[in-house]
Amino acid sequence: MGASLTSENGLDLFHLRGGYSSGRFVPRQVAEEVLRRIAERSSHAEWVCLIPEADILARANYLATLDPGLPLYGIPFSVKDNIHVEGLPLTAGCPDYRTLSTTTSPIVQQLLDMGAMLIGKNTMDQFATGVVGVRSDPHPVSPFNPGYIPGGSSSGSGVVVSTGCVTFSLGSDTGGSGRLPAAMCNIVGFKPTPHLLSSEGMVYANRSIDCIPVFARTVAEADWVFRQLMDHSGAACVLADSAPDLKDCVMAIPDAEGLKFFGDSLAEACFRNLLKTLEHHGVRIKPIDFSAFAEAGAMLFDGAFISERYDSVGGFIKQHSDSVNDVVAQSILKGEAVSSHQIWTDLARLNLLKARVHQQLSAFDCLLMPTAGTLYRCDQVKFDPLALNRNMAYYANFGNLLALAVVSVPGAIRTDGLPFGISFAGPGHSDYRMLSLAKQ
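Residues numbered from 1 in each chain as written. Predicted model: local features only at pLDDT ≥ 70, side-chain atom pairs only at ≥ 80, totals over all residues. Heavy atoms only, no water.

Along its length, the protein chain carries 17 helices and 13 strands. Taken over the C-alpha trace, the protein chain has a radius of gyration of 21 Å; the compact-globule value for 440 residues is 22 Å, and the two agree within 12%. Dimensions of the protein chain, computed from the C-alpha atoms along their principal axes, are close to 55 × 55 × 45 Å. Counting every position in the protein chain, which comprises 440 residues, the buried fraction comes to 60%. Relative to all contacts within the protein chain whose residues are 6 or more apart in sequence, the contacts with residues 24 or more apart total 76%. Looking at the protein chain as shown, the accessible area adds up to about 16,400 Å², and 52% of this sits on carbon and sulfur atoms. For the protein chain, the distance from the average site of its 34 positive side-chain charges to the average site of its 43 negative ones is 3 Å. (Helix = DSSP H or I, 4+ residues; strand = E, 2+ residues; numbered from the N terminus. Rg over C-alpha atoms; globule rule 2.2 N^0.38 Å. Buried < 20%, exposed > 50% of the residue type's maximum accessible area, 1.4 Å probe, protein only. Contact = heavy atoms within 4.5 Å. Areas by Shrake-Rupley, 256 points an atom, 1.4 Å probe, with all protein chains shown as cover. Lys, Arg positive; Asp, Glu negative; His and termini not counted. Charge placed at Lys NZ, Arg CZ, Asp CG, Glu CD.)

This is the structure we're talking about:
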């Protein structure tokens, strides 16, 4: 048993399912291994709340009385600290916002009903505002180099999967928070089409577009978790499930004007090499006008949509300004001045951009792009937080505004030892197709 669980693949979802079904180990042994890994590999920086050891072991013992054929039987997972779990504290990254949850998010309840083991709640950028991962105190750091950012706002959720402490985790994604931590931590981050799965039971950033993404170490594991949630959600939605072989694919990429690396030659080299590899496998690559994507992305924080963030937590920030990160407060409080005219004007413009983008993508199997065009040291982001956050979010902020399905996967390890991620994006309800392409 020990050797089968202490290997780096020990918490792989399919390894665990096979071990449970064959009787090689039971949930308590997996729970003990998870606790050992957390003690050795993580810190308070990644965890806002760990479920007490006695309760985790009690859950494992209870699972031993159930059918091991449950889809997520004995699979350890964690959730971002803006998602409600009954009986657990919730802070949304701000200790003074702390409350004790009296309900459980529907998506978390579905996972528990399918046999999953909840381990705890993860650190996040305060009020899910930022994609850098350093807007909390303490904050996680890159598993590859502690001087670098882990990506945000679902920072802790990405790091604990990368370090092998849980099999998968849930984050939240408004403008990239389910994808940037994946790229920075060399794991998979899958952001489904908005509203495909329930986003009820969380502290919202932008309720109209927020969704709950899945972090995992492989696309196959993220795909399995998503499919189980879809199958058990009761949603009457049929998703296209076919994707061509790579040799038959036509992929769009941002054109020369739209493709940006912000002076990062290592990231650019990774992307160029990946394009060559794909073309070697028969993929046809065609640049497209990226201006509609970029314009939509800029609307998230620089347009009327910031008012939705203000509606969610602006009142608390005004009353507790000393409790809130200055950059977060500055960003969200802009929403108070947004007029109803600006909201409707921006919404009309976004609808035009959405129609244009979906028409563009109809000629391709997907849009392929860097998940992030660069990455930064923690001290750089703290010195120039707004501009560098904007650079990090360039390929991500538009994803939910344009109702896309996006999966970020590891693309390469740069020559400086840091990870580089790429994203496959498609129109709404292309979720299974994007996952299928990403697997290849």
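On to the environment of S154. Note on placement: S154 falls in the loop between β5 (117–122) and α6 (155–162). Separated by 26 residues in sequence, S154 and L180 place their C-alpha atoms 8.5 Å apart. Once residues lying within four places of it in the same chain are set aside, the contact partners of S154 are K80, T123, G171, S172, S177, P181 and F215. Side chain to side chain, S154 and K80 meet in a polar contact 2.9 Å long. (Polar contact = N/O pair within 3.5 Å; in protein donor to acceptor, adjacent residues only side chain to side chain.)

What follows covers the pattern of salt bridges. Tallied over the entire structure, the rule returns 17 salt bridges. Here D81 makes a salt bridge to K121, at a shortest N to O gap of 3.2 Å. One end of the pair, D81, is in the loop between β2 (76–80) and β3 (89–90); the other, K121, is in strand β5, with 40 residues separating them in the sequence. When its relative accessible area of 0% is taken as the criterion, K121 is described as buried. (Salt bridge = Lys/Arg side-chain N within 4 Å of Asp/Glu carboxyl O.)

The calculated volume of the largest pocket comes to roughly 400 Å³. Taken together, 21 residues form the lining of the largest pocket, with F301, D302, L386, R390 and N397 sitting closest to its centre. Among the elements of the structure, α10 (291–302), α12 (326–333) and α15 (385–392) are those that each provide at least two residues to the lining of the largest pocket. It is α10 that provides the largest number of residues to the lining of the largest pocket, a total of six residues. For the lining of the largest pocket, the residue count by class is nine nonpolar, eight polar and four charged. (1 Å grid on protein atoms, 1.4 Å probe; cavity = no way out; pocket = protein on both sides within 12 Å on 5 of 7 lines; lining within 4 Å. Points joined across faces, edges and corners; volume = space filled by probe spheres on them. Nonpolar A, V, L, I, M, F, W, Y, C, P; charged D, E, K, R; others polar.)

Residues of α15 that are buried: P385, L388, N389, N391 and M392. One side of α15 holds all its buried residues, which, seen down the axis, span an arc of 160 degrees. Elements that come into contact with the buried residues of α15 comprise α7 (180–185), α12 and α14 (378–383). (Arc of directions from axis to C-beta.)

On to the packing of aromatic side chains. For the coordinates displayed, the defined rule picks out 17 aromatic pairs. Ring geometry for Y97 against F316: centres 5.0 Å apart, planes inclined by 85 degrees, an arrangement best described as edge-to-face. Of the two residues, Y97 is situated in the loop between β3 and β4 (99–100) and F316 in helix α11 (residues 306–319); the sequence distance between them amounts to 219 residues. Geometrically, the ring pair formed by F226 and Y432 is edge-to-face, given 5.6 Å between the ring centres and 70 degrees between the ring planes. Linking F226 in helix α8 (residues 219–231) with Y432 in helix α17 (residues 431–439), this pair joins segments that are 206 residues apart in sequence. Y432 carries the same exposure label as F226, and that label is buried. In textbook terms, an aromatic cluster arises when at least three aromatic residues are bridged by ring pairs, as seen for F262, F290, F293, Y394, Y395 and F398. The aromatic ring of Y432 is capped on one face by R227, whose charged end is 4.0 Å from the ring centroid. (Phe/Tyr/Trp six-rings, centres within 6.5 Å; stacked < 30°, edge-to-face > 60°. Lys NZ or Arg CZ within 6 Å of the ring centre and 35° of its normal.)

It is characteristic of soluble globular proteins that their nonpolar side chains tend to be buried jointly. Counting residues in each nonpolar core, the largest one holds 118 residues, and the members touching the most others are L111, L170, M251, F293 and F424. Among residues more than four places away in sequence, those in contact with L170 are S78, V79, K80, I83, I107, V108, L111, S157, I212, P213 and V214. Core analysis: the next-biggest nonpolar cluster, separate from the first, contains 18 residues, L180, A183, V381 and L388 among them. (Core = buried A, V, L, I, M, F, W, Y, C linked by side-chain atoms within 4.5 Å.)

Moving on: the pairing of strand β7 (residues 188–191). Alternating residues of β7 divide into V188 and F190 and G189 and K191, and every residue in both groups is buried. Note that β7 and strand β8 (residues 214–216) share three bridges and pair antiparallel. If you follow G189 over to β8, its bridge partner there is F215. The pairing of β7 with strand β12 (residues 404–413) spans three bridges and is classified as antiparallel. Across the sheet, the residue bridging to K191 is V406, located in β12. (Pairing = 2+ DSSP bridges.)

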